[in-house]
Amino acid sequence: MLDQLSLYPRITHTRTSVSLDGMWHFRFDPESIGEQEKWMDHMDSSISIPVPSSFADLFTDQYSKNYCGDFWYETDFFVPKTENCRTMLRFGSITHRGTVYVNGVKITEHEGGFLPVIGDITDVVKPGEFNHLAVKANNELNESSLPCGSVKTLQNGTKLAFPYFDFFNYSGIQRSVYLIQIPDEHIQDYSAVSSLSGNDADVAYEVITNGEHEVRVSLFDADGNKVAESSGKKGTLHVENAHLWNVRKAYLYNLCIQIVDGEKVIDEYMERYGIRTVEIKGTKILVNGNPVYLKGFGKHEDFDIIGRGFNWPLVKRDFECMKWTNANCFRTSHYPYAEEWYQFADEEGFLIIDEVAAVGMMRSTRNFAVAGTGNYTYFFETPTVPALLKNHLLQVEEMIERDKNHASVFAFSLFNEPETTSTYAHDYFSKVFERARELDPQHRPMTGAFEKNSAPEKCQCYMLVDFMCLNRYYGWYISGGPEISDAIYKFHDEMQRWQAKKLNVPFVFTEFGTDTLATEHKLPSVMWAQEYQNEYLEENFKVFDTYDFIQGELVWNFADFQTTEGIMRVNGNKKGVFTRERQPKDAAFTFRKRWENK
Ligand code: EVA
């Protein structure tokens, strides 16, 4: 357990957190000379850069946009006092890896670009003065990084990222940075698990602290009335006539955790908490014991200019659009998102399939097209696999630790479209699932998204998941356009083969969709025109509605998004139901109507 990793920065009676977001200094380091030249102390010839943001789309030149290698950030921050507290820095993420220095001293380094980076700077920080913060980051991809990919060096020496995945390799300090001060004796982490009995609920909690003083936990309702209280590092809050957190009808309590010494509060942490249960029973997904059909999207953190940079207005707009379509769920394809997405989903009653950045586990820079061809790339049979597994386990651990208390997170996805047809893959993923199941205090369903090669007869991993997630493009990559009737025939054929296996688990489509240009209309329809997106969807819906074990449809994608350039991508992936500007294509109206009563 990493101190403060999972605890989002909050201000309470005993804690402060100050955002360090703003304009920082920045420099590319293509020759990796920064360390030698002591850029952690000071960087000459730096340029200004906003934090948080991806760097790629801020510039007007090709080199900066596609830069791959080391790059540095620096800023100065004032620390008023340091007595009787721990001072920490917390980055929502540094993509894909980073080393943090304060006043020239190395504080921490972190691998993985989508989870928090924390450093305790108490011993190096100077009170009543400006302190110097430098970050050396790197955005290269390899076959033991999550996500997977490689680096190509052009003849002129320029390095380029070669993702084995279909989204632009946006990098940088893409999430907020906080300076945090907490008491020496403090709350390090907590978990809370609800169970229901009649109209009442029990919230079993466990608090981890670094001291021995008493722990007190209270629960307040939305009007601020204390409804339950308990003491001890482990205990249960009994809530009479509990208001449940329901899908699209959220109710959140406020959980208050204190370390106390008599009447004195040594540390305090507060968070919104939703009481709900999730469970898979036969082919049903149950929330609070009631079946839920998942309606929604695979998404990306992606927008013009800011790339993958966190932005509250975008969160708001995306939720408004999702609510307008009558959706109730999304998958954080293909990496854990900024924590604020989950906080807002808690508020809005959305369900989340929370996905770790295990994408690209198939050796191809066009795996979206290779998926389904039967190609086998020996991915899990190479010497890099032990290092990959180590990273994968660590990132699953960090994700579950970070997201475990969100009511919205009802399942964890531990992969997207790896090669699953070998015993090597089975051995690899058995370890990942085993670890994830040990880690989640709520024992949520664990899953992963399977591509078409993971067919019922060949897949060696479907038995590991609690519910099946299928990514299928019958009518797009397979038998598109005028051949769509064949596509649907093949789709039924596959579903019947799954049905014959009698797995008795829910099946959810975590991807289906067509690239569609918002500008294109055509009668009769052609691929890429809006009419075709609608026809494809209507044909897919007929398949979904045939099998009662199909319990959800998350279309690919919520909005158009940026990818690596290539002949199969027209300034990005155009499978959005909304444009990249978050305006509806015709398909958005189709979903709004279908999901109203589904
Ligand atoms: C696609 N297909 O082709 C999508 C990708 C996605 O963007 C996939 O999981 O199978 C992938 O990342 O549009």
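On a predicted model such as this, the values are computed, not experimentally measured, just so you know.

Calculation notes
Residues numbered from 1 in each chain as written. Predicted model: local features only at pLDDT ≥ 70, side-chain atom pairs only at ≥ 80, totals over all residues. Heavy atoms only, no water. Near = heavy atom within 4 Å. Polar contact = N/O pair within 3.5 Å; in protein donor to acceptor, adjacent residues only side chain to side chain. Areas by Shrake-Rupley, 256 points an atom, 1.4 Å probe, with all protein chains shown as cover. Pairing = 2+ DSSP bridges. Helix = DSSP H or I, 4+ residues; strand = E, 2+ residues; numbered from the N terminus. Axes fitted to C-alpha atoms, helices over the stretch in contact; angles between N-to-C directions. Buried < 20%, exposed > 50% of the residue type's maximum accessible area, 1.4 Å probe, protein only. Lys, Arg positive; Asp, Glu negative; His and termini not counted. Salt bridge = Lys/Arg side-chain N within 4 Å of Asp/Glu carboxyl O. Parallel < 35°, antiparallel > 145°, perpendicular 65-115°, else oblique. Left-handed = near helix turned anticlockwise from the far one by under 90°. Contact = heavy atoms within 4.5 Å. Core = buried A, V, L, I, M, F, W, Y, C linked by side-chain atoms within 4.5 Å. Expected span 1.5 Å × (residues − 1). Arc of directions from axis to C-beta.

In this section: the site of the ligand. As a structural note, the neighbourhood of the ligand is formed by 14 residues, with Asp-166, His-334, Glu-417, Tyr-477 and Lys-575 the closest of them. Between the ligand and the protein, one listed contact pairs an oxygen atom with a side-chain N or O atom of Asp-166 at 2.5 Å. The contact in question runs from an oxygen atom of the ligand to an N or O atom on the side chain of Lys-575, over 2.6 Å. For the ligand, whose free accessible area comes to 320 Å², the fraction covered by protein is 98%.

The next subject is the sheet that holds strand 8 (residues 117–120). Strand order in the open sheet made by the four strands is 1-12-5-8, with antiparallel pairing throughout. Looking along the sheet, the strands with just one partner apiece sit at the ends: strand 1 (16–19) and strand 8. Between one strand axis and the next, the sheet turns through 20° on average, direction left out of account. In this sheet, strand 12 (residues 177–183) lies alongside strand 1 in antiparallel orientation, the contact comprising four bridges. Across the sheet, the residue bridging to Thr-16 is Gln-181, located in strand 12.

To continue, consider the side chain of Glu-340. Along the chain, Glu-340 turns up in helix 3 (residues 339–348). For the buried residue Glu-340, which engages in no salt bridge, the nearest side chain bearing the opposite charge is Arg-175, 6.5 Å off.

Once that is clear, we can look at the packing of helix 7 (residues 484–500) against helix 8 (residues 530–544). A packed helix pair is summarised by two numbers, namely the angle formed by the two axes and the spacing between the axes. Interaxial distance between helix 7 and helix 8 falls to 10 Å at its minimum, and their mutual angle equals 30°. On the basis of their axis angle, the class for helix 7 and helix 8 is roughly parallel. Crossing handedness for the pair helix 7 and helix 8: right-handed. Facing helix 7, whose interface residues are Ile-484, Ile-488, Phe-491, His-492 and Met-495, helix 8 presents Tyr-532, Tyr-536, Glu-539, Asn-540, Val-543 and Phe-544.

Bridge count between strand 15 (residues 214–220) and strand 16 (residues 226–231): five bridges; the pairing is antiparallel. Bridge pairing in strand 16 places Val-217 opposite Ser-230.

This paragraph deals with the environment of Ile-94. Structurally, Ile-94 is set in the loop between strand 5 (85–91) and strand 6 (97–102). Spatially, the C-alpha atom of Ile-94 lies 35 Å from that of Ile-280, the residues being 186 residues apart in sequence. Apart from the residues within four sequence positions on either side, Ile-94 is in contact with Val-100, Gly-112, Gly-113, Val-117, Val-135, Ala-137 and Gly-172.

Read from one edge to the other, the open sheet built from six strands follows the order 3-2-4-9-6-7, with strand pairing classed as antiparallel. Each having just a single partner strand, strand 3 (47–51) and strand 7 (105–111) make up the two edges of the open sheet. Direction aside, neighbouring strands of the sheet carry axes that sit 30° apart on average. By the bridge criterion, 10 bridges tie strand 4 (residues 70–79) to strand 9 (residues 129–138) in an arrangement that is antiparallel. Across the sheet, residue Thr-75 finds its bridge partner in strand 9, namely Leu-133.

Let's shift gears to the nonpolar core. Grouped together as the largest cluster of nonpolar side chains are 94 residues, with contacts concentrated most on Met-361, Phe-429 and Met-495. Sequence-distant contacts of Phe-429, defined by excluding residues within four places in its chain, comprise Met-361, Phe-380, His-392, Leu-414, Phe-415, Pro-418, Cys-461 and Leu-464. Core analysis: the next-biggest nonpolar cluster, separate from the first, contains 31 residues, Leu-7, Ile-118, Ala-228 and Tyr-251 among them.

As a further point, take the pattern of salt bridges. Under the defined criterion, the tally for this structure stands at 41 salt bridges. Notably, a salt bridge pairs Lys-65 with Glu-565, separated by 3.7 Å at the nearest N-O pair. Here Lys-65, found in helix 1 (residues 62–65), pairs with Glu-565, found in the loop between strand 30 (550–556) and helix 9 (586–596); they are 500 residues apart in sequence, far enough to count as distant. With a relative accessible area of 61%, Glu-565 lands in the exposed category. Connected through shared salt-bridge partners, Asp-166, Asp-515, Arg-569 and Lys-575 make up one network.

What follows is about helix 2 (residues 312–324). Given a rise of 1.5 Å per residue, 13 residues ought to cover 18 Å, and the 18 Å separating the end C-alpha atoms of helix 2 matches this to within 8%. The complete set of buried residues in helix 2 reads Leu-314, Val-315, Asp-318, Phe-319, Cys-321 and Met-322. Seen end-on, helix 2 carries its buried residues on one side only, within an arc spanning 160°. Summarising the contacts, the buried residues of helix 2 are in contact with strand 23 (294–298), strand 24 (329–331) and helix 3. Taking the backbone nitrogen of Leu-314 as reference, a side-chain oxygen 2.8 Å away marks Asn-311 as the first, capping residue of helix 2. Asn-326 sits one or two positions beyond helix 2 and adopts a positive phi of about 70°.

The next subject is unusual backbone geometry. Cis geometry is found at the peptide bond from Val-51 to Pro-52, where omega equals 0°. By secondary structure assignment, the location of Pro-52 is in the loop between strand 3 and helix 1. Following Ser-333, the chain continues into His-334 via a peptide bond in cis, with omega recorded as -10°. Phi angles above zero are rare outside glycine, and Asn-103 is one such case at about 50°. Within the secondary structure, Asn-103 sits in the loop between strand 6 and strand 7. Phi is positive for Asn-571, which is not a glycine, with a value near 50°. Structurally, the position occupied by Asn-571 is in the loop between strand 30 and helix 9.

Taking 1.5 Å of rise per residue, 17 residues should cover 24 Å, and helix 7 covers 24 Å from first to last C-alpha, within 8% of that figure. Residues of helix 7 that are buried include every one of Ile-484, Ala-487, Ile-488, Phe-491, Glu-494, Met-495 and Trp-498, and no others. In an axial view of helix 7, the angular spread of the buried residues amounts to 120°, which keeps them on one side of the axis. In helix 7, the exposed positions that point more than 90 degrees away from the buried face belong to Ser-485, Tyr-489 and Ala-500. Contacts from the buried residues of helix 7 go to strand 28 (468–471), strand 29 (507–511), helix 8 and strand 30. Positive phi appears at Lys-502, one or two residues downstream of helix 7, with a value of about 50°.

Below, the discussion takes up the side chain of Arg-594. By the element assignment, Arg-594 lies in helix 9. Separated by 2.9 Å, the side chains of Arg-594 and Asp-545 make a polar contact. Apart from the residues lying within four places of it in its own chain, the contact partners of Arg-594 are Tyr-293, Phe-541, Phe-544, Asp-545 and Glu-553.

Shape descriptors only; they carry no functional weight alone.
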